[in-house]
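# Observations on chain architecture
So the chains spell out like this:
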Amino acid sequence: MYIVKILLATYWPIPHLGGVWSYMQQLSKRLEMLGHEVDILGYDEDNLNICMLNTGEKVERDKLIPLLHAKLNKQNYPELYENLLVEYTEFQRYVFELGTAYFGLKKYDIIHTQDVISTACMDRIRPRNIPLVATLHGSVAHEIQHQLTTIHKSSNSYMASDYYNELEKIGATSSDITIVANNWLKNILIDEFNVSKEQVKVLHYGFDTENFLKQMNVKSLISAPEDKKVIIYTGRLTELKGVHHLLTALSRLKKLRQDWVCWIVGTGPEETKLRARRKSLGLEDYVYFLGKRDDIPSLLGKSDIFVLPTMLDNQPLSLIEAQIAGKATIVSNVGGLPEMVEHNVTGLLIPPENPYKLYRNLYLLLNNGYLRRSLGSKAKRWGMKHWSMDSGVKSLLGIYEEAISIRKKAKKNGQVT
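Residues numbered from 1 in each chain as written. Predicted model: local features only at pLDDT ≥ 70, side-chain atom pairs only at ≥ 80, totals over all residues. Heavy atoms only, no water.

## Overview of helix α8 (residues 209-216)
Since the α-helix advances by 3.6 residues per turn, residues separated by three or four positions end up pointing in the same direction. The complete set of buried residues in α8 reads T209, F212 and M216. Projected onto a plane normal to the axis of α8, the buried residues spread over an arc of 60 degrees and lie on a single side. Residues E210 and K214 are exposed on α8 and point more than 90 degrees away from its buried face. Packed against the buried residues of α8 are α11 (296-301), α12 (317-324) and α14 (369-386). (Buried < 20%, exposed > 50% of the residue type's maximum accessible area, 1.4 Å probe, protein only. Helix = DSSP H or I, 4+ residues; strand = E, 2+ residues; numbered from the N terminus. Arc of directions from axis to C-beta. Contact = heavy atoms within 4.5 Å.)

## Focus: the sheet that holds strand β7 (residues 177-180)
Adjacent strands of a sheet pair through backbone hydrogen bonds, lying either parallel or antiparallel. Taken in spatial order, the eight strands of this open sheet run β4-β3-β2-β1-β5-β6-β7-β8, and their pairing is mixed. Of all the strands in the sheet, just β4 (57-59) and β8 (200-202) have a single pairing partner and so form its edges. Across the sheet, the mean angle from the axis of one strand to that of its neighbour is 20 degrees, orientation sign disregarded. As paired elements, strand β3 (residues 50-52) and β4 share three bridges and run antiparallel to each other. (Pairing = 2+ DSSP bridges. Axes fitted to C-alpha atoms, helices over the stretch in contact; angles between N-to-C directions.)

## Some words on helix α1 (residues 19-33)
An ideal rise of 1.5 Å per residue puts 21 Å on 15 residues; α1 measures up with 21 Å between its terminal C-alpha atoms. Buried within α1 are the following residues: V20, W21, S22, Y23, M24, Q26, L27, S28, R30 and L31. Residues of α1 that are buried in the fold lie against β1 (5-13), β2 (37-43), β5 (110-113), β6 (132-135), α12 and α15 (389-412). Phi turns positive one or two residues past the end of α1, at G35, with a value near 100 degrees. (Expected span 1.5 Å × (residues − 1).)

## Quick word on the packing of aromatic side chains
Scanning all chains against the criterion turns up eleven aromatic pairs. Measuring from centroid to centroid gives 5.8 Å for Y11 and Y43, while their planes differ by 90 degrees, and the two rings are edge-to-face. Here Y11 is found in strand β1, whereas its partner Y43 is found in strand β2, with 32 residues between them in sequence. Taken together, the aromatic side chains of Y11, W12, Y43 and F96 make up a single cluster linked through ring pairs. (Phe/Tyr/Trp six-rings, centres within 6.5 Å; stacked < 30°, edge-to-face > 60°.)

## Quick word on the environment of S139
By the secondary structure assignment, S139 is in the loop between β6 and α5 (140-147). Apart from residues lying up to four places away in sequence, S139 is in contact with E168, L185 and I188. Polar side-chain contacts of S139 include one of 3.2 Å to the backbone nitrogen of H142. For S139, the side chain forms a polar contact with the side chain of E168, separated by 3.0 Å. (Polar contact = N/O pair within 3.5 Å; in protein donor to acceptor, adjacent residues only side chain to side chain.)

## Observations regarding the packing of helix α13 (residues 355-367) against α14
Relative to each other, α13 and α14 sit at 100 degrees, their axes nearing to 5 Å. Put simply, α13 runs roughly perpendicular to α14. Contacts between α13 and α14 involve L364, L365, L366 and N367 from the first element and G369, L371, R372 and L375 from the second. Residues belonging to the contact of α13 with α14 are distributed by class as follows: five nonpolar, two polar and one charged. (Parallel < 35°, antiparallel > 145°, perpendicular 65-115°, else oblique. Nonpolar A, V, L, I, M, F, W, Y, C, P; charged D, E, K, R; others polar.)

Just geometry here; none of it tells us what the structure is for.
Written out as structure tokens, the structure is:
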């Protein structure tokens, strides 16, 4: 493929803790190694301003909001203000559009978005001759449906539900090609959001396994207890990740055995609640919150069991890392996880929101060293082959070429002016 200028864009804050940002970083690095030019765009860490991360340029939200309020006021659009989540998202996505338009898109040969919202925005403002490829790292609409019963619950939650369903449909159908990581998400887009089968491509993310294995050997200030096994969770501390279920399972486990500790690595809005829950369950000498860290590969290397009790997930980076580290894993049987873990072969699958099953499987792996080592070994063997970055980028470049061809054909047919 000839050298092109690529824009990687996301509606989410960058940098941030999570798989989307890690994927963008690793992809950008590999594309630049192949000679391509790459810019990275998104909201800043405070989720306020639109930034071009690699150049340090910013468009400030405060300068755009007055323009939007002048047009989208309560008098002209009263329905916009009836649900707080809808109001917030609408203004955020228009700020994203205006900020991106300020930077300009004509200089790019291809735009590669990482979520449905940025995809919908880019399609509204892109020059029609520039191809748009979207990689969807999960279903925003499905996540919101869950949150509308918990943190975003309100008397008019149905408005947010309808809004996000429509936004998902628009974003998923706006690109020339939509990439997903598994058949679970592919089927959701086709069956629920009317995305054509021809538009959706299943492509597993590439992962820089070589660099990760090197980082595992970097020394960390945190050491594993000599006489205890280490259970580890890495990821955002959100309600959807189910860490509260992990704490419940650990409280039951503690009654039968005390030869373990649990490291919870990451930060998020639920951290304060989770710390209080740890105290109420009497787990302060067993569960340690390690916060946001740069030495996760090293911490995984010192661990014995990786746990992901999530209630919904697509293709979590934390599980990929645990597999490359060769760890036995216990994960929820939801979303795309059954396509990443073969039960009793490369890990253990458990029902979501089931602390008892989680406790029983933790007890099993603590009790059975052979099974623990076997699961970890087979997971690593599978992961090293499956998550190859070279293979993933090669396939992605093929999709770029296909998208460029689609735009050229549209121009030839007079569909692009």
